[in-house]
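# Commentary on secondary and tertiary structure
The primary structure of each chain is shown beneath.
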Amino acid sequence: EEAKVQKKLANVVILATGGTIAGAGASATNSATYTAAKVPVDALIAGVPQLKDIANVRGEQVFQIASESFSNDDLLKLGKRVAKLARQDDVDGIVITHGTDTLEETAFFLNLVEKTDKPIVVVGSMRPGTAMSADGMLNLYDAVAVAGDPSARGKGVLVTMNDEILSGRDTGKAVNIRTEAFKSPWGALGMVVEGKSYWFRLPAKRHTSGSEFDIEKISALPRVDIAYGYGNVDETAYRAFAQSGAKAIIHAGTGNGSVSSRVVPVLQELRKDGIQIIRSSHVNQGGFVLRNAEQPDDQYDWVVAHDLNPQKARILASVALTQTQDSKELQRIFWEY
Ligand SMILES: NC(=O)C[C@H](N)C(=O)O
């Protein structure tokens, strides 16, 4: 009888990468002072015994790192493991436990390159499991519930934080000290409450099965760097990134992705040297950069990142540059994803 019940449950694999969700502090009052990436995946799973009521879960430790230390190679390794699991008949959904600092980058990367409709859910926490009111247990329970839910198929890579189901494309860390840390400028896709998903919106941008990118065909990600716009900025960072071999520079601009008059000439020069220049905005609540507004992008042959924040723009540019070096193609990709 028990075996029969077991069969009906979805098979969910948890790929653990570290972060605060695997963090440990010295005492229960340490909500902000702790060491990330300590607790192994089997202990994380054992810490939420209710998981076995909603799915057949098994864990794999892919990395044990704080997410600020993620590299492009880590993205590729994780992406290839996800793709392999997604092809297996005995896997219905995949959860990735991740630090929250670069969770938005990994979620967007997977959203672009995984050719599957199976649910992929990236999850983290803002407090270590040792803290009072730790949020990791429920976030993980929600992630497994969504990953095992057929209604989550085909909706792109998802993020479950603080009861919300967010699109991996546009959600990002908006606050660094609260459990309601993740926001999307366009709102959540749904809610997960007591293990049940409730949907309200669908992603409009190309993702996963509908994407032209495929992790199996990517062996390296070209270097793309981000230079920040602020008062009194000069050309130093842009030139340094160019010298270090950046194939594209994301201008994390002020306001509408505006560029200081001290920086415009160097960006024109770097573009002539073959480096792609991509204007984004670092405003907090969601930038919205349009072509030829603020700067004559057509004339300079620059690209705009539209609503993607600088760190998301870096991910898309890196992935796109594996396939094209053409600025018009790059701009098309920035509109479509
Ligand atoms: N809340 C967290 O997970 C923060 C941590 N520094 C990380 O990203 O790994």
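The model shown is predicted, which means the values in this text are computed figures rather than measured ones.

Of note in this structure, Ser 133 is not a glycine but carries a positive phi near 50 degrees. Considering the arrangement of structural elements, one finds Ser 133 in the loop between β4 (120-123) and α6 (136-147). Its relative accessible area of 57% is what places Ser 133 among the exposed residues. Positive phi is not limited to glycine here, since His 306 has a value of about 55 degrees. Tracing the sequence through the fold places His 306 in the loop between β14 (303-304) and α10 (310-320). Overall, the relative accessible area of 13% leaves His 306 in the buried class.

The sites that carry the UniProt feature "binding site: substrate" (unreviewed entry) are, in the present numbering, Ser 67, Thr 100 and Asp 101. Spanning 35 residues, the named residues nonetheless gather at one spot, since no C-alpha pair among them exceeds 6.7 Å. Mapped onto the fold, Ser 67 is located in the loop between β2 (55-65) and α4 (72-86). Taking the relative accessible area as the measure of exposure, Ser 67 reaches 2% and is therefore buried. Contact partners of Ser 67, with chain neighbours within four places excluded, come to His 98, Gly 99, Thr 100, Asp 101, Thr 102 and Leu 103. Tracing the sequence through the fold places Asp 101 in the loop between β3 (93-97) and α5 (103-113). Among the residues examined, Asp 101 registers a relative accessible area of 39% and is labelled partly exposed. Ignoring any residue separated from it by four or fewer positions in sequence, one finds Asp 101 in contact with Ser 67, Glu 68 and Lys 173.

A word on the side chain of Asp 297. Of note, Asp 297 is situated in helix α9 (residues 297-300). Here Asn 292 takes part through its backbone nitrogen, which lies 2.7 Å from a polar atom of the side chain of Asp 297. The contacts of Asp 297, once residues within four sequence positions are left out, are Arg 279, Leu 290, Arg 291, Asn 292, Trp 302 and Val 304.

Moving on to the confidence of the model for the protein chain. Of all residues in the protein chain, 98% attain a pLDDT of 70 or more, and the chain-wide mean is 97. Confidence estimates for the predicted assembly give a pTM of 0.97 and an ipTM of 0.97.

Let's shift gears to the pairing of strand β13 (residues 276-281). Most of β13 is tucked away: six of the six residues are buried. Crossover handedness for the path strand β12 (residues 248-253) to helix α8 (residues 264-272) to β13: right-handed. Here β13 pairs with β14 via two bridges, running parallel. Directly across from Arg 279, in β14, lies its bridge partner Val 304.

Of all the residues in α8, the buried ones are Val 264, Val 266, Leu 267, Leu 270 and Arg 271. Considered in projection along α8, the buried side chains sweep an arc of 165 degrees and stay on one side of the axis. Considering only its buried residues, α8 is in contact with α7 (236-243), β12, β13, α9 and α11 (327-336). Just beyond α8, the residue with positive phi is Gly 274, at close to 105 degrees.

Moving on, we come to the UniProt feature "active site" (unreviewed entry) in the protein chain. Within the UniProt annotation, "active site" (unreviewed entry) is assigned to Thr 20 and Thr 100. For the residues just named, distributed over 81 residues, the greatest C-alpha separation is only 7.5 Å, placing them together at one site. Note that Thr 20 resides in the loop between β1 (10-18) and α2 (41-46). Apart from the residues lying within four places of it in its own chain, the contact partners of Thr 20 are Tyr 34, Ala 36, Gly 99, Ser 125, Met 126, Arg 127, Pro 128 and Gly 129. Take Thr 100: it is sitting in the loop between β3 and α5. Once residues within four sequence positions are removed from consideration, Thr 100 is found in contact with Ser 67, Gly 124, Ser 125, Met 126, Met 161, Lys 173 and Phe 182.

Surrounding the ligand, one finds Gly 19, Thr 20, Tyr 34, Ala 66, Ser 67, Glu 68, Gly 99, Thr 100, Asp 101 and Ser 125. Ser 67 is positioned with one of its side-chain polar atoms (N or O) 2.6 Å from an oxygen atom of the ligand. Measuring from a nitrogen atom of the ligand, one finds a side-chain N or O atom of Asp 101 at 2.9 Å. Relative to its unbound accessible area of 270 Å², the ligand is 91% covered by the protein chains. In terms of residue class, the shell around the ligand is built from two nonpolar, six polar and two charged.

Rules used throughout
Residues numbered from 1 in each chain as written. Predicted model: local features only at pLDDT ≥ 70, side-chain atom pairs only at ≥ 80, totals over all residues. Heavy atoms only, no water. Helix = DSSP H or I, 4+ residues; strand = E, 2+ residues; numbered from the N terminus. Buried < 20%, exposed > 50% of the residue type's maximum accessible area, 1.4 Å probe, protein only. UniProt positions renumbered as here; feature names shortened; annotations may be inferred. Contact = heavy atoms within 4.5 Å. Polar contact = N/O pair within 3.5 Å; in protein donor to acceptor, adjacent residues only side chain to side chain. pLDDT = per-residue confidence, 0-100. Right-handed = clockwise from strand over helix to strand, strands pointing away. Pairing = 2+ DSSP bridges. Arc of directions from axis to C-beta. Near = heavy atom within 4 Å. Areas by Shrake-Rupley, 256 points an atom, 1.4 Å probe, with all protein chains shown as cover. Nonpolar A, V, L, I, M, F, W, Y, C, P; charged D, E, K, R; others polar.

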